[in-house]
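Each chain is listed here by its residues.
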Amino acid sequence: MRKFLIATVTGAITATASAVPAAAEIKVALDAPPDPKLVGTYVWSKAFADHLGKAGFKVKLYKRGALGGEAERLDQIRQGLLEISNSDVKSAGTLDTLAFGAYLPYLFKDAAHFDRALDQASILDRINAKTKPKGVIVLAYAHLGPPAGIFNTKRPIATVADLKDLRMRALDKSQIALYDAWGAKGTIVAWKEVPNALQTGVAHGYLNPVFVPVIFGHTNFIKYFTDAKLIPTTRLSIASAKWYDGLKDREKSAVDAAVAHATKTNRNWVNTASPEMNKLAESKGIRITQLSPVARAEFVKASKKVYTDGVLSPAQLKIWTDAAAAAK
């Protein structure tokens with residue numbers, strides 16, 4: 001069992017009467033708009049906050065950007081100035097690159113398979129062994145939405161060959177390697193610069209779950225989505241190690257129970273949200289393409305080239321692939 005998800009909901013109820021918060025307010029930094037229908041990380045954060053509230057804690061959710069960007073929030077977490085943050089793997093994952101294994105394309109069948117693999121290899125415990133001395137505890141992988149697909153401004157993408165000559169916005173070097181494997185080009189663009197990049201042709205698209213252009217106002221530029229189901233669209237829900245270690249045992253139990261409750265709520269949401277999200281995207285003028293079995297097999301084959309060209313060491317890659325195989 002993962003270290004920070006072991007407490008049960010029953011334990012949380014028991015803790016309600018006895019938990020006395022260690023701080024006047026627990027700050028939770030959101031990473032996306034507070035939309036419970038479209039944003040999975042908000043679903044996680046809201047469930048976490050509500051559960052802790054029932055245990056006597058005062059919890060406040062802060063809007064995306066209110067407490068700074070990714071680097072600023074990570075620094076605040078490490079110093080103990082911020083208690084909880086939904087952070088991208090690109091930033092928090094640099095504290096231990098094992099975290100990037102969640103982004104190995106086509107390694108997981110679905111969210112349930114992903115969770116079984118996490119448990120199979122105690123991956124969160126392994127990550128925290130490296131990140132906790134650096135001031136960060138990874139509480140959970142929270143799904144932002146359904147698995148990522150391919151958005152673009154130019155044309156429907158039904159095969160790997162259709163990506164030729166497209167220039168795609170990349171989050172990091174691992175995504176650039178993936179685009180190269182597909183015969184496309186990648187360019188790293190900060191998320192706040194994406195609208196301008198799409199309008200000017202600096203980038204022709206990006207990878208994300210189907211709802212993202214809707215909530216970020218990109219539907220004037222993005223017209224095509226391929227439901228490629230590449231990777232789980234996960235973020236890291238992280239906590240300050242300084243804050244967590246300062247809690248009393250009964251307070252830690254309440255926090256652990258809130259994490260377990262939030263993660264379960266997030267997964268239930270992922271399982272029901274996808275069909276409605278596709279309909280919403282289509283209503284905003286986005287044409288959705290489904291891959292044929294032959295095309296999917298072609299994407300799987302091409303994508304797996306990045307397994308050995310990415311940021312994972314051979315030992316880290318083996319941890320994830322062995323866990324995924326054992327969890328099927």
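Residues numbered from 1 in each chain as written. Predicted model: local features only at pLDDT ≥ 70, side-chain atom pairs only at ≥ 80, totals over all residues. Heavy atoms only, no water.

Brief notes about the overall build of the chain
Link 1 in the chain: Scanning the chain from N- to C-terminus turns up 13 helices and eleven strands.
Link 2 in the chain: A compact globule built from 328 residues would reach a C-alpha radius of gyration of about 20 Å, and the chain, at 20 Å, matches this within 12%.
Link 3 in the chain: Based on the C-alpha atoms only, the size of the chain along its principal axes is roughly 60 × 40 × 35 Å.
Link 4 in the chain: Counting only residues that meet the buried cut, the chain has 55% of its 328 residues in that class. (Helix = DSSP H or I, 4+ residues; strand = E, 2+ residues; numbered from the N terminus. Rg over C-alpha atoms; globule rule 2.2 N^0.38 Å. Buried < 20%, exposed > 50% of the residue type's maximum accessible area, 1.4 Å probe, protein only.)

What to know about helix H13 (residues 314-326)
Link 1 in the chain: The end-to-end C-alpha separation of H13 is 18 Å, in line with the 18 Å expected for 13 residues at 1.5 Å each.
Link 2 in the chain: All of the buried residues in H13 are Gln-316, Leu-317, Ile-319, Trp-320, Ala-323 and Ala-324. An end-on view of H13 places all buried positions within 155 degrees of arc, on one side of the element. Structural note: H13 exposes Pro-314 and Ala-315 on the side pointing more than 90 degrees away from its buried face.
Link 3 in the chain: The inward-facing, buried residues of H13 abut helix H5 (111-120), helix H6 (123-131) and strand E4 (136-145). (Expected span 1.5 Å × (residues − 1). Arc of directions from axis to C-beta. Contact = heavy atoms within 4.5 Å.)

Some details on the pairing of strand E3 (residues 84-87)
Link 1 in the chain: In E3, alternate side chains face the same way, and those of Ile-84 and Asn-86 on one face and Ser-85 and Ser-87 on the other are all buried.
Link 2 in the chain: Relative to strand E10 (residues 233-240), E3 runs antiparallel, the two being bridged by four bridges. Paired with Ser-87 across the two strands is Leu-236, which belongs to E10. (Pairing = 2+ DSSP bridges.)

Notes on unusual backbone geometry
Excluding glycine, a negative phi dihedral is what most residues carry, and trans is how most peptide bonds are arranged.
Link 1 in the chain: With phi around 60 degrees, Tyr-106 is a residue other than glycine that occupies positive phi space.
Link 2 in the chain: On the secondary structure map, Tyr-106 appears in the loop between helix H4 (89-92) and H5.
Link 3 in the chain: A relative accessible area of 8% places Tyr-106 in the buried class.

A look at the packing of aromatic side chains
Link 1 in the chain: Using the criterion set out here, one finds 13 aromatic pairs in the structure.
Link 2 in the chain: Ring centres 5.4 Å apart and planes at 55 degrees place the aromatic pair Phe-151 and Tyr-206 in the tilted group. Of the two residues, Phe-151 sits in strand E5 (residues 149-152) while Tyr-206 sits in strand E8 (residues 205-208), which places them 55 residues apart along the sequence. Neither residue differs from the other here; Phe-151 and Tyr-206 are each classed as buried.
Link 3 in the chain: Ring geometry for Trp-182 versus Phe-299: centroids 5.4 Å apart, planes at 80 degrees, classification edge-to-face. One end of the pair, Trp-182, is in helix H7 (residues 173-182); the other, Phe-299, is in helix H12 (residues 293-303), with 117 residues separating them in the sequence. Across the pair, Phe-299 and Trp-182 agree in class, each one buried.
Link 4 in the chain: Chaining the aromatic ring pairs together yields one cluster made of Phe-151, Trp-191, Tyr-206, Phe-216 and Phe-225. (Phe/Tyr/Trp six-rings, centres within 6.5 Å; stacked < 30°, edge-to-face > 60°.)

As for the nonpolar core
Link 1 in the chain: The biggest cluster of nonpolar side chains holds 60 residues, and the ones touching the most others in it are Tyr-141, Ile-150, Trp-182, Phe-299 and Trp-320.
Link 2 in the chain: With sequence-adjacent residues up to four places away left out, Trp-320 is seen in contact with Leu-98, Ala-99, Gly-101, Ala-102, Leu-104, Leu-107, Phe-108, Phe-114, Leu-118, Ile-123, Tyr-141 and Leu-312. (Core = buried A, V, L, I, M, F, W, Y, C linked by side-chain atoms within 4.5 Å.)

What about the packing of H5 against H13?
Link 1 in the chain: Where H5 meets H13, the axes come as close as 8 Å, and the angle between the chain directions of the two elements is 115 degrees. Every pair of crossing elements has a handedness; the one defined by H5 and H13 is right-handed. Every residue of H13 that contacts H5 at His-113, Phe-114, Ala-117, Leu-118 and Gln-120 is listed here: Trp-320, Ala-323, Ala-324 and Ala-326.
Link 2 in the chain: Residues of the contact of H5 with H13, tallied by class, amount to seven nonpolar, two polar and no charged. (Axes fitted to C-alpha atoms, helices over the stretch in contact; angles between N-to-C directions. Left-handed = near helix turned anticlockwise from the far one by under 90°. Nonpolar A, V, L, I, M, F, W, Y, C, P; charged D, E, K, R; others polar.)

Focus on the side chain of Asp-31
Link 1 in the chain: Among the structural elements, Asp-31 can be located in the loop between strand E1 (26-29) and helix H2 (40-54).
Link 2 in the chain: Accessibility expressed as a relative area gives 7% for Asp-31, which makes it buried.
Link 3 in the chain: Only 2.7 Å separates the side chain of Asp-31 from the side chain of Thr-41, close enough to count as a polar contact. (Polar contact = N/O pair within 3.5 Å; in protein donor to acceptor, adjacent residues only side chain to side chain.)

Side note on the environment of Leu-312
Link 1 in the chain: The residue Leu-312 is located in the loop between H12 and H13 in this model.
Link 2 in the chain: Classification of Leu-312 as buried rests on a relative accessible area of 12%.
Link 3 in the chain: For the pair Leu-312 and Gly-101, spaced 211 residues apart in sequence, the C-alpha to C-alpha distance is 7.1 Å.
Link 4 in the chain: If we ignore the near neighbours within four places in the chain, the residues touching Leu-312 are Thr-97, Leu-98, Phe-100, Gly-101, Leu-104, Leu-317 and Trp-320.

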